[in-house]
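Here is what each chain is made of, one letter per residue.
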Amino acid sequence: MEENIKWDDSSDEIMDIIKVVEDNKEIQIPINCPICNTSNAHIYMHRYEDDRGTIWTWCSNCKSCTHGSRMKLPKWWENADFINDSERTSHPVFLELKVNMIDEHLRQLLKKNCHRKRIIHQSGC
Ligand SMILES: [Zn+2]
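Residues numbered from 1 in each chain as written. Predicted model: local features only at pLDDT ≥ 70, side-chain atom pairs only at ≥ 80, totals over all residues.

S.K.: It is not clear to me how the overall build of the protein chain should be interpreted in this structure. Could you clarify?
M.R.: Tallying secondary structure elements over the protein chain gives three helices and four strands in all. Start at the N end of the protein chain and walk to the C end: the helices and strands fall as α-β-β-β-β-α-α. In terms of overall dimensions, the protein chain is globule-like: its C-alpha atoms have a radius of gyration of 14 Å, near the 14 Å expected for 125 residues. A fraction of 50% describes how many contacts in the protein chain between residues 6 or more apart in sequence connect residues 24 or more apart. (Helix = DSSP H or I, 4+ residues; strand = E, 2+ residues; numbered from the N terminus. Rg over C-alpha atoms; globule rule 2.2 N^0.38 Å. Contact = placed C-beta atoms within 7 Å.)

Okay, here's the thing in structure tokens:
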């Protein structure tokens, strides 16, 4: 498991970026990392049959990462079809390989969610 050595999951602080995304739909992606303060932080989630799933957050720069299973996922989240279920590991090794696609996936979901909100509430995001 040499691939895992570079990842540091000793701090949960990187999880804070989930709240940042929830509070601010026009956020810059990649997200600003609360640990090294560079814009290299990412989020991926995997929803199971109910509203729960696994959330990974990680930073490509400082390699801080964390993951939580059986977390309540935001309603707007949709699984990406380019992530193979069998590749999943606790460290974001498999996610880092597709990081550009994951960032774009998150952008699209936030955009879609923002658009829907505008129609229902006639307001901006
Ligand atoms: Zn970082």
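S.K.: Just checking my understanding: could you explain the nonpolar core for this structure?
M.R.: Burial of nonpolar side chains together is a common tendency in soluble globular proteins. In terms of nonpolar packing, the biggest core is built from 16 residues, with Ile14, Ala41, Ile43, Tyr44 and Trp58 touching the most fellow members. For this core, the secondary structure elements donating two or more residues are β2 (39–47), β3 (52–59) and α3 (99–121). When sequence neighbours within four positions are dropped, the list of residues in contact with Tyr44 reads Trp56, Leu95 and Ile102. (Core = buried A, V, L, I, M, F, W, Y, C linked by C-beta atoms within 7 Å. Buried ≥ 20, exposed ≤ 12 C-beta atoms within 10 Å, placed from the backbone.)

S.K.: Please explain the pairing of strand β4 (residues 65–72) as it appears in this structure.
M.R.: Consecutive residues of a regular strand have side chains that alternate between opposite faces of the sheet. Where β3 meets β4, six bridges bridge the pair, whose relative direction is antiparallel. Pairing of Thr57 across the sheet is with Thr66, part of β4. The hairpin turn running from β3 into β4, its antiparallel successor, is five residues long, and Lys63 in that turn takes a positive phi close to 65°. (Pairing = 2+ DSSP bridges.)

S.K.: Which parts of the structure should I look at to understand the sheet that holds strand β1 (residues 31–32)?
M.R.: Across a sheet, strands are paired by hydrogen bonds formed along the backbone, either parallel or antiparallel in direction. Reading across the sheet, the four strands line up as β1-β2-β3-β4 and stay open at both edges, with antiparallel pairing between neighbours. With one partner strand each, in any of the chains shown, β1 and β4 form the two edges of the open sheet. Where β1 meets β2, two bridges bridge the pair, whose relative direction is antiparallel. The residue bridging Asn32 from the neighbouring strand is Ser39, located in β2.

S.K.: Would you explain the environment of Asp16 in this entry?
M.R.: Note that Asp16 resides in helix α1 (residues 16–23). Measuring from C-alpha to C-alpha, the distance between Asp16 and Cys33 comes to 9.0 Å, with 17 residues separating the pair along the chain.

S.K.: Can you help me understand the environment of Arg116 in this one?
M.R.: Relative to the assigned elements, Arg116 resides in helix α3. Sequence separation between Arg116 and Trp76 is 40 residues; the distance between their C-alpha atoms is 10.0 Å.

S.K.: Which parts of the structure should I look at to understand unusual backbone geometry?
M.R.: Note: most residues except glycine have negative phi, and most peptide bonds are trans. The amide bond that connects Ile29 to the next residue, Pro30, takes the cis arrangement and shows omega of 0°. Mapped onto the elements of the fold, Pro30 is located in the loop between α1 and β1. Even without being glycine, Asn37 reaches a positive phi, approximately 60°. Counting through the fold element by element, Asn37 comes out in the loop between β1 and β2. Using a count of 12 C-beta atoms within 10 Å as the deciding quantity, one classes Asn37 as exposed. Non-glycine residue Lys63 carries a positive phi angle of around 65°. Locating Lys63 in the fold gives a position in the loop between β3 and β4.

S.K.: In this structure, what is going on with the pairing of β3? I would like to understand it.
M.R.: Here seven bridges tie β2 to β3, and the two strands are oriented antiparallel to one another. By the bridge assignment, His46 is partnered in β3 with Thr54.

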